[in-house]
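For reference, the chains in residue letters:
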Amino acid sequence: MTDHALWLLRQDRRLAELAAFPFGFDLDRATHGHVEEVRLASGGPLETIAGDDTGGTYFVCADGSVLYADSEGAAGIIGSSVDETLELVIGLPGWRGYTRLSPDDGEEKILACVAQTEDEIREYHGIDEERAELRAVLGFPKPSPVELVGRLRAALLRTEPEFVLLNADEGCAYDRMGPAGPPLWESVLAAGRADLAWLREGDRTAWREVAEDPMRRRITLRAAQFDRAEGDLELLRHLLRHETRSSMTDELRLAAVLVGLRGETGDLPLLLEVRETDFDTACGLGDMPEPGASADELRQWARTLDESMFGTDPSDEPVSTWTRLARDQGMTDLARVTLIRELDTIFMDQSRLRRPEAPSTLATAPLSGLARDFEELGDLPQALRAQRLYAALQETAWDRASARHTLARLEREAGRLPQAADSLAAVRDALATPGDESLRYWQRVNLGRYIAEEHYRLTLALADAGRPEETRALLTAADAILGELSESAANGIRELAERTAARVREVSRGRHGWGGPPGSSGARRAR
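Computed from a prediction, not measured in an experiment: that's the story for all the values here.

Draft legend 1. How the structure looks around the nonpolar core. Core analysis: the largest hydrophobic core is formed by 40 residues, its most contacted members being L9, F25, Y58, I78, W95 and L138. Ranked by residue count, the leading element in this core is helix α3 (residues 82–91), at 5 residues. Formed by 33 residues, the second largest nonpolar core is a distinct cluster that contains L235, L240, L258 and M288.

Structural data, given as structure tokens:
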């Protein structure tokens, strides 16, 4: 559909007023914007075109789809074009109450819901003549409510992952409006399930192509994890042999478990060969039964690993399994949205981090894992969000210094230089007044080196940004830290320290005609 109807509304004031009331598509409200600054998680553009009297806003996305965001923090695609959206809001003025309806609910239920809503509207003002006039002038047909509900549901199901809306300041996602859609694992496993079915047909071309493609092999093994068939042993052996090319992966261990569960002692030499592929596989499969073990011993080993690491229900897998496999298959937006919602859940309920065995303490590793995942996806704002909370929850001086150091690096890479300088100041505070013994030897280990290195890198960034006073102040702090390091810890950053000092002198000469005293870097003072 085109957006001809939108053009007509913009040209005819009466039509625009009819669309605004009673149908809640008010062009004038576009000038006010949404109730808060928002952006798409995918980074795509948004154009505000209308609003309603509840605080909701209609946005047009890059492909012409219309995203509706309410004032309570929910959003969803409601049409593939502005005209399609107008046809919806005119045909179903109570559409916000139908986002959970489906054509599967049946015509009787849908018509009853629509009739009840529209009768309530008619108690206060008319809609029938107004709807007829708008449809006539805009050239809209008269689709049945059942058809419109079906269109609405199909549109809402397209919201994720491309059109997820975020609060621009906080980075948290709007709730999904309407149906939840399929779980991530279904999308991740789809190709693997198809390949597993192909392998089961016995086509040797399939055996070669799937086994030799690392990504297809991994996904097929995951599909086999949740669809275990008696006749799969030979194809599992085949995939296991080829997975050794990737060394010690989770999927290699999974393949070994799936083979071992059959209890065929004739597979013990193969499993031993797999284990001895390299040092990593020897460590990762170190507790595997040796040749000569009984079938029961082999099965018990495999069963123990299966119960602790795998299982047969994909919904029991850690979300990181599916986001990793989604990312590796190129489903970047799908992985990002899932990770954002996971981070949102932790922000809303930090009790999820409590250790079951010690409820008074928090297991914060999921946050640092999320920060790494976002960084690998190139989403620095979300990586910063996760790392900032991670840093705030650290208890020991070592952990605080380490977490703030990483936070400073991410802030520098995101161009947030003042914030990075503040984070490094917090690191120095932890070094100066740790409050515990965890940082007793920081000068002799890599943490000290990494902290000094980040000071110099941020100093260079400040110099390049034309901030000479902050540059010189941070160089002084960097030199002081370097001067505290042991000789071995300082060795790796001497060249960086000298290069940074030279750059600062260059900036100082350019602005003030003074380059500082020769050899001002603390690189020579490191012991």
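Draft legend 2. Representation of the side chain of H238 in the model. Take H238: it is sitting in helix α10 (residues 233–243). Classification of H238 by relative accessible area gives buried; the value is 18%. Aside from chain neighbours lying at most four places away, what touches H238 is W207 and A211.

Draft legend 3. The arrangement of unusual backbone geometry in detail. For the bond from F21 to P22, the omega torsion is 25°, close enough to zero to count as cis. Within the element layout of this structure, P22 appears in the loop between α2 (13–20) and β1 (38–40). Following E160, the chain continues into P161 via a peptide bond in cis, with omega recorded as 5°. Examined against the element boundaries, P161 turns out to sit in the loop between α6 (145–156) and β6 (165–167).

Draft legend 4. Highlighting the sheet that holds strand β7 (residues 175–176). In spatial order, the strands read β2-β3-β4-β5-β7; together these 5 strands make up an open sheet with mixed pairing. Of all strands in the sheet, those with a lone pairing partner are β2 (46–51) and β7, marking the two edges. Judged from the 5 bridges that link them, β2 and strand β3 (residues 57–61) form a sheet pairing that is antiparallel. What sits directly across from E47, in β3, is V60. Against the sheet, α6 engages β5 (74–79) and β7, with an angle of about 125° to β5.

Draft legend 5. Spatial organisation of helix α19 (residues 397–413). Along its 17 residues, α19 runs 24 Å from first to last C-alpha, staying within 8% of the 24 Å computed at 1.5 Å per residue. Those residues of α19 lying buried are A397, A401, A403, H405, L407, A408, L410, E411 and R412. At the exit of α19 stands G415, carrying a positive phi of roughly 80°.

Draft legend 6. Just the side chain of R275, in detail. Of note, R275 is situated in helix α12 (residues 268–275). Within the structure, the side chain of R275 is placed 3.0 Å from the side chain of E276, a separation counted as a polar contact. Here R275 is in contact with T281, A282, L285, G286, M288 and E290, once residues within four sequence places are set aside.

Draft legend 7. Looking closely at the pairing of strand β4 (residues 66–69). The alternating pattern of β4 places V66 and Y68 on one face and L67 and A69 on the opposite face, and all of these are buried. By the bridge criterion, 4 bridges tie β3 to β4 in an arrangement that is antiparallel. Across the sheet, the residue bridging to V60 is V66, located in β4. In this antiparallel pair of consecutive strands, β3 and β4, the connection spans 4 residues, and G64 shows a positive phi of 95°. Relative to β5, β4 runs antiparallel, the two sharing 4 bridges. In the strand pairing of β5, Y68 is matched with G76. In textbook terms, the turn of a hairpin is the stretch between consecutive antiparallel strands, and for β4 and β5 this stretch comprises 4 residues, one of which, G73, has a positive phi near 95°.

Draft legend 8. Geometry of the pattern of salt bridges. Applying the stated criterion across every chain, the model contains 49 salt bridges. The closest approach of N and O atoms between E251 and R222, which form a salt bridge, is 3.0 Å. Of the two residues, E251 sits in helix α11 (residues 250–260) while R222 sits in helix α9 (residues 214–226), which places them 29 residues apart along the sequence. Across the pair, R222 and E251 agree in class, each one buried. Between E290 and R275 there is a salt bridge whose closest N-O contact spans 3.1 Å. Highlighted residues: E290 in the loop between α13 (279–284) and α14 (295–309) and R275 in helix α12, separated in sequence by 15 residues. Because the salt bridges share partners, they merge into one network encompassing R218, R222, D250, E251, R253, E317, R324, R327, D328, D373 and E376.

Draft legend 9. Quick peek at the confidence of the model for the protein chain. Per-residue confidence for the protein chain gives a mean pLDDT of 93; residues scoring 70 or more make up 96%. Low confidence marks residues 512–527, where pLDDT is under 50. Its contacts with residues over four positions away, or in another chain, come to 41 contacts.

Criteria and cut-off values
- Residues numbered from 1 in each chain as written.
- Predicted model: local features only at pLDDT ≥ 70, side-chain atom pairs only at ≥ 80, totals over all residues.
- Heavy atoms only, no water.
- Core = buried A, V, L, I, M, F, W, Y, C linked by side-chain atoms within 4.5 Å.
- Buried < 20%, exposed > 50% of the residue type's maximum accessible area, 1.4 Å probe, protein only.
- Helix = DSSP H or I, 4+ residues; strand = E, 2+ residues; numbered from the N terminus.
- Contact = heavy atoms within 4.5 Å.
- Pairing = 2+ DSSP bridges.
- Axes fitted to C-alpha atoms, helices over the stretch in contact; angles between N-to-C directions.
- Expected span 1.5 Å × (residues − 1).
- Polar contact = N/O pair within 3.5 Å; in protein donor to acceptor, adjacent residues only side chain to side chain.
- Salt bridge = Lys/Arg side-chain N within 4 Å of Asp/Glu carboxyl O.
- pLDDT = per-residue confidence, 0-100.

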